[in-house]
Amino acid sequence: MMHVLVTGGAGYIGSMLVPMLLGRGHRVTVVDRLYFGGQTLPKHPSLQVVKADVRRVDPRVFEGVDGLIDLAGISNDPACELDPELTRSVNLEGSRRCHRLAQGAGVARVVFASSCSVYGHGEGIQLTETSPLHPVSLYARCKAEVERSLLELGQATPMTVTALRFATVFGLAPRMRFDLAVNVMTKNAYTQQRIVVDGGGKQWRPFVHVTDVAEALLRTLEAPAEKVRNQIINVGNNNNNVRILNLAYRIRDAIPGTHLDIAGSDPDLRDYNVNFDKIERLLDWRPQRSIDEGIAEVHQALREGRVDPDDRRFYTLKQYVFLAEVERTFHEVAIDGRVLS
Ligand SMILES: NC(=O)c1ccc[n+]([C@@H]2O[C@H](COP(=O)([O-])OP(=O)(O)OC[C@H]3O[C@@H](n4cnc5c(N)ncnc54)[C@H](O)[C@@H]3O)[C@@H](O)[C@H]2O)c1
């Protein structure tokens, strides 16, 4: 049994991971600003939720922690572009602060949620963990920088650090994300009978199911330290590299009556096809869920009314725009911290 601190644990991946950790008998502390609400997490005697910002959270939350899983941050390209300074302070400095605090408190392991988007405009296919990085967004540049500083920290101290580079995630979770390619295209096919393919559609992208990502995090945390120490590991499945146009065809086939619109927009610079042999070799594990299963799962939940396609909190950019507006309005109208009361 470990005491695991999960920053950003109320988000899309965290809302799948935390119940899994609890199910394995671990004690869990979540640090999250709850930008998407706190209803995404279960009530459980071994779960403590600390509503706090990673940039300012009390260092004492790291005391007695065995493992940190760092998921906190602004989690997609357009939301990161809203306020680049804020993005750097949260995604870069917030993560670095937590890693340093973990090291200072004697936390044995840190697992950082990085992204295959660090490959950016990939050169060739089947990119591996040692391929050159060409991040094309602020989001991805922050990931690459945090990876670098985390590995430096791992080399300088006894702390076991690992960066997992996730493929683009899909599938259902309590904090749903309809801003991720598989999920949003499935949702648009169902609600509008229409999918728009941006950026030409030729660009490669690897995908991975959210449950598989949660299992990979768990597997990394519980693996013998020598296997994962100072490692960067891609998380996905070779078979789940697809061109965006191919993804659109699959969804059109799964949801009859869907029309495809190939938009004449600028080419998408994010184009990467990734090799996932290392995780299988190192941890004897590979993701289990296919893209087609993910499409079917999301489609079925929509059909059965189990997920609301209009909930603003399921759209990362929309929610951050809303929160910025709330903050502006609050400053305009609040007197002594009160608005209507
Ligand atoms: N979902 C994907 O496709 C994917 C792919 C690669 C990497 N990742 C990374 O995995 C991590 C989790 O992603 P997700 O999809 O669950 O995103 P998410 O947006 O659902 O979750 C992020 C969580 O971080 C919290 N948060 C944001 N700023 C914070 C702050 N300053 N202090 C404390 N909490 C804060 C949010 O409230 C949210 O609950 C992120 O770092 C993301 O970049 C995700």
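Quick notes on the rules
Residues numbered from 1 in each chain as written. Predicted model: local features only at pLDDT ≥ 70, side-chain atom pairs only at ≥ 80, totals over all residues. Pairing = 2+ DSSP bridges. Helix = DSSP H or I, 4+ residues; strand = E, 2+ residues; numbered from the N terminus. Axes fitted to C-alpha atoms, helices over the stretch in contact; angles between N-to-C directions. Contact = placed C-beta atoms within 7 Å. Near = placed C-beta within 6 Å. Nonpolar A, V, L, I, M, F, W, Y, C, P; charged D, E, K, R; others polar.

With that out of the way, let us pick up the sheet that holds strand β3 (residues 47-51). The pairing of strands in a sheet happens through backbone hydrogen bonds and is either parallel or antiparallel. Across the sheet, which stays open at both edges, the 7 strands sit in the order β3-β2-β1-β4-β5-β6-β10 with parallel pairing between neighbours. Whereas interior strands pair on both sides, the edge strands pair on one side only; in this sheet they are β3 and β10 (231-235). Pairwise comparison of adjacent strand axes, ignoring direction, gives a mean angle of 20° for this sheet. As defined by bridge partners, strand β6 (residues 160-166) adjoins β10 across 5 bridges and the pair is classed as parallel. Among the inter-strand pairings, threonine 162 is bridged to a residue of β10, identified as glutamine 231. Contacting β5 (109-115), β6 and β10, helix α4 (residues 138-156) runs over the sheet at an angle of about 155° to β5.

Another aspect to go through is the sheet that holds strand β7 (residues 168-170). Strand order in the open sheet formed by 3 strands is β7-β9-β11, and the pairing between neighbours is mixed. With partners counted over all chains shown, the strands left at the sheet margins are β7 and β11 (241-243), one partner each. Looking at each pair of strands side by side, their axes are set apart by 45° on average, direction ignored. As paired strands, β7 and strand β9 (residues 204-209) are joined by 3 bridges and run parallel to one another. Counterpart to phenylalanine 170 in the pairing with β9 is histidine 209.

Now for the site of the ligand. Residues in close proximity to the ligand total 30 residues, the closest being Gly8, Gly11, Ser75, Ser115 and Val169. Counting only elements with at least two residues in the shell around the ligand, the list comes to α3 (84-104), β5 and β7. Considering only residue class, the shell around the ligand consists of 15 nonpolar, 9 polar and 6 charged.

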